[in-house]
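# Survey of secondary and tertiary structure
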Amino acid sequence: MAFQGKKLINNPDDVVTEFIEGLVETYPGLQYLDGFPQIKVVLRADVERGAYDKVAVISGGGSGHEPAHAGFVGPGMLTAAVSGDVFASPPVDSILAAIRAVTGPMGCLLIVKNYTGDRLNFGLAAEQAKSEGYKMEMVIVGDDCALPPPRGIAGRRGLAGTILVHKVAGAAADAGLSLADVAAEAKHASEVVGTMGVALSVCTLPGQVTSDRLGPKQMELGLGIHGEPGVAVVDLQPVDVVVEHVLKQILSQETQYLPITRGSNAVLLINGLGATPIMELMIAARKAVPELQLEYGIAVDRVYTGTLMTSLDMAGLSITIMKSDENILKRLDAPTKAPAWPVGSEGNRPPAKFPVPVPPSPSVKDDEILAQPQELSKQGCILEAAIEASATEIINLKDILNEWDGKVGDGDCGTTMYRGATAILEDMKKRYPMNDAAGTINEIGATIRRVMGGTSGILYDILFKAAYASLKQSTSVTANEWADALEASVAAVSKYGGASTGYRTMLDALIPASTVLKQRLKAGEDPVTAFIASSEAASAGAESTKQMQAKAGRSSYIAPDLLASIPDPGAMAAAAWYRAAALAVKNKLHGSKS
């Protein structure tokens, strides 16, 4: 069912002008032209009308693609950008106003994305400006590689590759070249660049309903930047598969959209379409570079990754490839103060990058790595059974832990615990000295430290490190030593994490467990029975978190009424693995007797 898109805006009709107002407040080097808001032109604040002594470079188009195009105004890039309403070409009067405001005796180059409205409005403005005596040139960028030729009179759409053309032209103009030379470099750049987009969602225009064109497990290939349908709707694929497909389309020898062959050099741009996290863009970049180099024999000279030309709040990305040469790299590397151009991306790329070696730990030498003994003692067998049962229980609880955490935290408790549990099962086979309880506990901590991460990872690492420090003091590990180790580990987590009973954390399970275990053993109770009783206390403590107001962790930021009836996932996880360990020990020791 369609629903109203949620936006942090005021009046939908004012989004473009209010964006421009915020932009010029943020960047002192930008200014808007008199006649605003009817005339939506952003220009360099340092350019005086009629006095600019270099070629003016102007671009623009419909809004909704921010930071393009206004974010690329600045020395070394665009002299001015003209904005239309959302996804609507700017009117001729606005384009003319920009031309008149920044064009000096060197003339003006218009860079236009290949859409009919943009071509017509910018073209008419150029003709009017010529009649007024301005020297004018126009370069049209059509870099879309998704649709096979022929494209009729419409031609290929202008996409994110336009930004690279902006940079080449802006740097050429800044270097003092003539209008003919700047236009020639821009035209050449436009002819060696190709782009294709992939969307996971359709954008929502301000004040309008959200489209349900794409299902929850679908993606769209080859769409434009205005939300128009692409070439095909397909099932959602891993990003590596997506990158492979997009590169194949851009570099297709059938369409021959790009004059790039094996042995060529290229520039790569991974562009977010508005709602794509930088993490996902970087994952795509990490696949695209070796794919170009190894599969296509193309040397990648530069990589630009970021959100540069968007489609409002669309989730997805586009990939752009530009054939590079010495002059194009010189223009791309030239300095610019345009606020949206990616900083720090210039410079030669090494042919390959290798991880920096990690210094070895001073406490463990390679020849001292612990390994599981050939034959387990009785205690070793019990410890192995307890660890295996605990880890398996956590693996089985992954989804429910994530579900709880999605309601009271950040939704990854189950995944984080699962990562630790699976690594423990793997490491247990090859490096845990099961006959040495203290050594095994220390190794579990090392496993957790290596794979879990986040707050849970460090807290469990502290837990096991403190338990190890307690256990290694004893020559033989008895039930009382295990109880002391649990008490010490709980104290350490409380000390460094700052939580205690009633804070709605894993300690609400482990503190009752530790207390009951100590009490039952002190009273002379059978250790296994005491262990089972303490595990029941852990489960009860975890369940009691449903009624608690969080005082620690991410849940402390959530309103109490949203926490009601949802247990703390960290406490439930702790109770679960502790209970599984207790039952495993009971089965190992008493199972044959019952």
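These numbers come from a predicted model, not from an experiment.

Our focus in this paragraph is the UniProt feature "active site" (unreviewed entry) in the protein. Per the UniProt record, the feature "active site" (unreviewed entry) sits at His226. Looking at the secondary structure, you find histidine 226 in the loop between strand S8 (218-221) and strand S9 (232-235). Residue classification places histidine 226 among the partly exposed positions, given a relative accessible area of 22%. When near neighbours in sequence (up to four residues on either side) are disregarded, histidine 226 contacts His65, Phe87, Tyr115, Cys203 and Ser311. Among the polar contacts made by the side chain of histidine 226, one reaches the side chain of histidine 65 at a distance of 3.3 Å.

Here we take up the pairing of strand S6 (residues 136-141). Regular strands place their side chains on alternate faces of the sheet. As paired strands, strand S5 (residues 108-113) and S6 are joined by 6 bridges and run parallel to one another. When the bridges of S6 are listed, valine 112 appears paired with isoleucine 140. Handedness of the crossover is the feature at issue here: the chain leaves S5, passes through helix H3 (residues 116-131), returns alongside S6, and the resulting connection is right-handed.

Attention shifts here to the sheet that holds strand S10 (residues 265-272). Taken together, the 6 strands give an open sheet; going across it, the order is S9-S8-S7-S12-S10-S11, and neighbouring strands pair in mixed fashion. Whereas interior strands pair on both sides, the edge strands pair on one side only; in this sheet they are S9 and strand S11 (299-306). Strand after strand, the sheet turns through a mean of 20 degrees between neighbouring axes, direction not considered. Relative to strand S12 (residues 316-323), helix H4 (residues 161-174) is tilted by about 45 degrees, and along the sheet it contacts strand S7 (193-199), S10, S11 and S12. Packing of helix H8 (residues 326-333) onto the sheet brings it into contact with S10, S11 and S12, and relative to S11 it is tilted by some 30 degrees.

Let us now look at helix H5 (residues 179-191). Counted at 1.5 Å a residue, the expected span for H5 with its 13 residues is 18 Å, and the 18 Å between its end C-alpha atoms agrees. Contact partners of the buried residues in H5: S5, S6, H4, S7, S12 and H8.

This part is about the pattern of salt bridges. A complete count under the given rule lists 23 salt bridges for this structure. Residue arginine 286 is joined to aspartate 240 by a salt bridge in which the shortest nitrogen-to-oxygen separation is 2.6 Å. Note that arginine 286 is positioned in helix H7 (residues 278-295) and aspartate 240 in helix H6 (residues 239-250), a separation of 46 residues in sequence. Using a relative accessible area of 47% as the deciding quantity, one classes arginine 286 as partly exposed. Among the salt bridges present, the one from aspartate 461 reaches arginine 449, with a minimum N-O distance of 3.0 Å. Pair noted here: aspartate 461 is in helix H13 (residues 454-471) and arginine 449 is in helix H12 (residues 437-451), with a separation of 12 residues, a long-range link. A relative accessible area of 7% means that aspartate 461 is categorised as buried. Bridged by salt links that share partners, the residues Glu244, Lys287 and Glu291 form one connected network.

Bringing the environment of serine 456 into the picture now. Relative to the elements of secondary structure, serine 456 occurs in helix H13. Sequence separation between serine 456 and alanine 581 is 125 residues; the distance between their C-alpha atoms is 19 Å.

What follows concerns helix H9 (residues 378-396). With 19 residues, H9 ought to run about 27 Å at 1.5 Å a step, and its terminal C-alpha atoms sit 27 Å apart, in line with that. All buried positions along H9 are accounted for by Gly380, Ile382, Leu383, Ala385, Ala386, Ile387, Ser390, Ala391 and Ile394. Looking at the buried residues of H9, the elements they touch are helix H10 (398-408), helix H11 (413-428), H12, helix H14 (479-497) and helix H18 (569-590).

Sheet strands pair via backbone hydrogen bonds, and the direction of the pair is either parallel or antiparallel. A sheet is described by the order of its strands in space; here 6 strands give the open sequence S1-S2-S4-S3-S5-S6, paired in mixed fashion. A strand with exactly one partner marks an edge of an open sheet, and here the two such strands are strand S1 (30-32) and S6. Between one strand and the next, the sheet's axes are offset by a mean angle of 25 degrees, whatever the strand orientation. Against the sheet, H4 touches strand S3 (56-63), S5 and S6, its axis set at about 175 degrees to S5.

Here the distance between the centres and the angle between the planes together describe a pair of aromatic rings. In this structure the tally under the stated criterion is 5 aromatic pairs. Look at phenylalanine 531 and tyrosine 578: their rings are 5.3 Å apart centre to centre, the planes differ by 80 degrees, and that puts the pair in the edge-to-face class. With a gap of 47 residues between them, phenylalanine 531 in helix H16 (residues 527-544) and tyrosine 578 in helix H18 connect regions that are remote in the sequence. Residue classification places phenylalanine 531 among the buried positions, given a relative accessible area of 18%. Its guanidinium or amino end placed over the ring of tyrosine 257, arginine 156 lies 3.8 Å from that ring's centre, counting from NZ or CZ. The residue whose ring lies beneath lysine 398 is tyrosine 418, and the NZ or CZ to ring-centre distance is 4.6 Å.

Rules used in this analysis
- Residues numbered from 1 in each chain as written.
- Predicted model: local features only at pLDDT ≥ 70, side-chain atom pairs only at ≥ 80, totals over all residues.
- Heavy atoms only, no water.
- UniProt positions renumbered as here; feature names shortened; annotations may be inferred.
- Helix = DSSP H or I, 4+ residues; strand = E, 2+ residues; numbered from the N terminus.
- Buried < 20%, exposed > 50% of the residue type's maximum accessible area, 1.4 Å probe, protein only.
- Contact = heavy atoms within 4.5 Å.
- Polar contact = N/O pair within 3.5 Å; in protein donor to acceptor, adjacent residues only side chain to side chain.
- Pairing = 2+ DSSP bridges.
- Right-handed = clockwise from strand over helix to strand, strands pointing away.
- Axes fitted to C-alpha atoms, helices over the stretch in contact; angles between N-to-C directions.
- Expected span 1.5 Å × (residues − 1).
- Salt bridge = Lys/Arg side-chain N within 4 Å of Asp/Glu carboxyl O.
- Phe/Tyr/Trp six-rings, centres within 6.5 Å; stacked < 30°, edge-to-face > 60°.
- Lys NZ or Arg CZ within 6 Å of the ring centre and 35° of its normal.

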